Structures are given as structure tokens and as C-alpha cells.
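# Summary of structural features
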Amino acid sequence: MRLRFMVLALALSAAWLAAPAQRVFDMDLWQGKARVESEDKADTARVRVFLPDAKTATGRAVVICPGGGYEHLALGHEGYDWGPFFNDMGIAAIVLKYRMPHGNPDVPVSDAEEAMKMVRRNAAQWKIDPTDVGIMGFSAGGHLASTIATHSTGDALPDFQILFYPVITMMQGYAHQGSRDNLLGTDVKKKTERMYCSDMHVTRTTPRACIILSDDDDVVQPSNGVNYYSELFRYDVPAALYVYPSGGHGYGLQSSFKYHVEMMLDLRAWLRSF
């Protein structure tokens, strides 16, 4: 069985190498003054855009929010490394370097919303279907992605969401403490906690979701992603939940993750299901 997956992994890698040339470029997220100012004036929001070859482009796009506990960003294995994976499927990938909140959640939320709007503003030029733009996030980036999926409206609302080992709740005792403190500060009212608990804001119009995590994650409790899936199910939102036996937290696209090949195949299958 493992041999079969090794062969598949080699085939996927070969497909990436043989894929038509992609366009990759960086842009400032805010072309003028940011809608919400950060207390860290040196912290700027940017995007790196990975566009597939025009001949293979499907029109689908995904904005990627790396994790890092709302303290830093894992821009490699939870960001830039995913460009070829999506481009190989004809999907545009836009990796967001969002600003850190320092207790003000409006800072990263405004960046993520602007990234969604930016993609749709450039849809014609980038050969993207504005009705097929999703958001993807890892850990705290998964919290940011799910916040956009459950709170945003109009051109900021994604059409689908992909969440890797996501932080979902901000409730004391269940939240990832570092993410909670960095996002909301240490003196938080219950009303604010509930506002940023994505599982409490699911509705029938929440976009479809793919949730990926490991059973032995001791950084972000697996119940975060499982409870979010349960709420999506309760509201008849199409969703898939993949729980791998081991792997811990923070593996992203690293091949050292024991179920790396299975994960890539599961994600490809889900993306092709709609």
C-alpha cells in the first residue's frame, strides 16, 4: 500500500515538473492607505500571485493564509510551496502575507477581505472566474479563513474554504491560547470571544468546506475543526472532514508528514468534486 502511494507521489511530482510555465509575481495588498492601520508601521501586507498557464487555467482561484499563531507567518510550507500544487490543477493561488493583529482583529481580517476583493477586481486580467474564488488557511490562518467565510459579505465572501488544523474557537479552555491572546488581547469580553468563534456563526449560506487535521494534534485541539464540521453539517453546508491518525500540527505541504500523499490526493479529489 505504501509503495502504491510512493509511486503516486512520484507521479504527482513529475506532473508538477512537466506542468506549463506559471506566472509568479508579488504585489502590495493595499494600493493606498490600509483600511485599518496596524500599530506596527513596518508590518506591511503583500500577496504573491501564482497564475497557471492560460491554456490550463480553470478559472478557479484560492487565497492562502499561512499560520503562525497570529505572531508570525509560515510563508513557506503553508504558503508559497502550494503555488505549483494549485497551478498544476489549473487553479490560481494567491498567498497572503497579512499583518499581525497585536490585539486588533480588524487588522488581519481587513487584509484577508482586501485580498479576496483584489482577486475579483483582477479576475478578467488573471483569467479567474469571480464566482469561484476560495480561501485557504492553516492553524491561525485557518481561523482567519473561517472568519472571512462566516462573517464577510459581497466580494469579500469566498465561494469555498479549505482549513488545515484550524483554530476555530476563541473560548477559554478550547482556544489555542497564543492565537487568542495575539488576536484579541489578554483582557477579552465574552461577547468578543463569541464574535470570533467561527463555529458559532455558521449559517446555510456559509461556503462549502474541506477540513484537514490529525488526531494527535497537541497544539490546536482537533475538536476545533470537528465542531466546525458538525455545525456545517447541521446547516446543510457541503463539507468534508479528513482526520489522519497522526502527524501533529503544522505540517502543511512538508513531505515528512506521514500521510502527505494521501492528503494531496484527498484534497485534489475534493477540489474536483464541485
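As a starting point, this report considers the structure included with it. (Residues numbered from 1 in each chain as written. Predicted model: local features only at pLDDT ≥ 70, side-chain atom pairs only at ≥ 80, totals over all residues. Heavy atoms only, no water.)

## Details of the nonpolar core
The condition that has to hold: In plain words, nonpolar cores are sets of buried Ala, Val, Leu, Ile, Met, Phe, Trp, Tyr and Cys residues tied together by side-chain atoms within 4.5 Å. Exposure categories follow from relative accessible area, calculated using a 1.4 Å probe and restricted to protein chains: below 20% of the type maximum is buried, above 50% is exposed, and the middle band is partly exposed. Whether two residues are in contact is decided by their heavy atoms: any pair within 4.5 Å suffices.
Trp82, Phe86, Phe164 and Leu271 are the most contacted members of the largest nonpolar core, which totals 79 residues. Discounting chain neighbours no more than four positions away, the residues touching tryptophan 82 are Ile64, His77, Met136, Phe138, Phe164, Gly252, Leu253, Met263 and Leu267.

## Description of the pairing of strand 7 (residues 208-214)
Note the cut-off: The helix count covers DSSP runs of H or I at least four residues long, the strand count covers runs of E at least two residues long, and both are numbered beginning at the N terminus. Any two strands with at least two DSSP bridges between them are considered paired.
Of all 7 residues in strand 7, 6 are buried, a share of seventy percent or more. The pairing of strand 6 (residues 160-164) with strand 7 spans 5 bridges and is classified as parallel. Bridging across to strand 7, phenylalanine 164 finds its partner in isoleucine 212. Bridge count between strand 7 and strand 8 (residues 239-244): 6 bridges; the pairing is parallel. Residue cysteine 210 lies in a different strand from strand 8, and its bridge partner there is alanine 240.

## Side note on the pattern of salt bridges
To keep it simple, the criterion reads: Counted as salt bridges are all cases of a side-chain nitrogen of Lys or Arg within 4 Å of a carboxyl oxygen of Asp or Glu.
The full count for this structure, using the stated rule, is 16 salt bridges. Between glutamate 37 and lysine 41 there is a salt bridge, with its nearest N and O atoms 2.9 Å apart. Linking arginine 99 and aspartate 111 is a salt bridge whose minimum nitrogen-to-oxygen distance equals 2.9 Å. Placement of arginine 99 in the loop between strand 4 (92-97) and helix 3 (106-121) and of aspartate 111 in helix 3 is noted, with a sequence separation of 12 residues between them. On the basis of relative accessibility, which here comes to 4%, the residue arginine 99 falls in the buried class. Taken together, the shared-partner salt bridges connect Arg180, Asp181, Lys190 and Glu193 into one network.

## Quick look at the sheet that holds strand 4
Operational definition: All axes are obtained by fitting lines to C-alpha atoms, using only the stretch in contact for helices, and the reported angles, taken between N-to-C directions, cover 0 to 180 degrees.
Taken together, 8 strands build an open sheet; the order of strands is 1-2-4-3-5-6-7-8 and the sheet is mixed. At either margin of the open sheet sits one strand with a lone partner, and together these are strand 1 (23-28) and strand 8. Averaged over all adjacent pairs, the angle separating strand axes in this sheet is 15°, with direction ignored. Where strand 3 (residues 61-65) and strand 4 come together, 4 bridges link them in parallel fashion. Across the sheet, residue valine 62 finds its bridge partner in strand 4, namely alanine 93. Against the sheet, helix 7 (residues 223-234) makes contact with strand 6, strand 7 and strand 8, and its axis sits at roughly 155° relative to strand 7, the strand it touches most. Lying over the sheet, helix 8 (residues 260-271) contacts strand 6, strand 7 and strand 8, oriented at roughly 170° with respect to strand 6.

## Remarks on the packing of aromatic side chains
Short version of the rule: Only centres within 6.5 Å qualify two rings of Phe, Tyr or Trp (six-membered ring in Trp) as a pair; their planes then separate them into stacked at under 30 degrees, edge-to-face at over 60, and tilted for everything else. A positively charged side chain is recorded as over a ring if its NZ (Lys) or CZ (Arg) lies within 6 Å of the ring centre. The angle to the ring normal must also be within 35 degrees.
Evaluated as defined, the whole model comprises 19 aromatic pairs. Residues tryptophan 82 and phenylalanine 138 carry aromatic rings whose centres are separated by 5.8 Å and whose planes lie at 45° to one another, so their mutual orientation is tilted. With a gap of 56 residues between them, tryptophan 82 in the loop between strand 3 and helix 2 (83-88) and phenylalanine 138 in strand 5 (residues 133-138) connect regions that are remote in the sequence. Exposure remark for tryptophan 82: the relative accessible area of 0% places this residue in the buried category. Each ring, one from phenylalanine 85 and one from phenylalanine 86, has its centre 5.1 Å from the other, and the planes form 90°; the classification is edge-to-face. Looking at phenylalanine 85, the relative accessible area reads 0%, which means it is buried. Using a relative accessible area of 1% as the deciding quantity, one classes phenylalanine 86 as buried. Through successive ring pairs, a cluster of aromatic residues spans Trp82, Phe85, Phe86, Phe138, Phe164, Tyr165, Tyr244, Tyr251, Phe257 and Tyr259. Residue placement shows arginine 48 over the ring face of tyrosine 80; its charged tip is 4.0 Å from the ring centre.

## As for the side chain of arginine 60
The condition is simple: Polar contact is the term for a pair of N or O atoms within 3.5 Å; when the atoms are in protein, one must be able to donate a hydrogen and the other to accept it, and sequence-neighboring residues count only if both atoms are side-chain atoms.
Note that arginine 60 resides in the loop between strand 2 (46-51) and strand 3. A polar contact of 2.6 Å, which involves the side chain of arginine 60, links it to the backbone oxygen of leucine 271.

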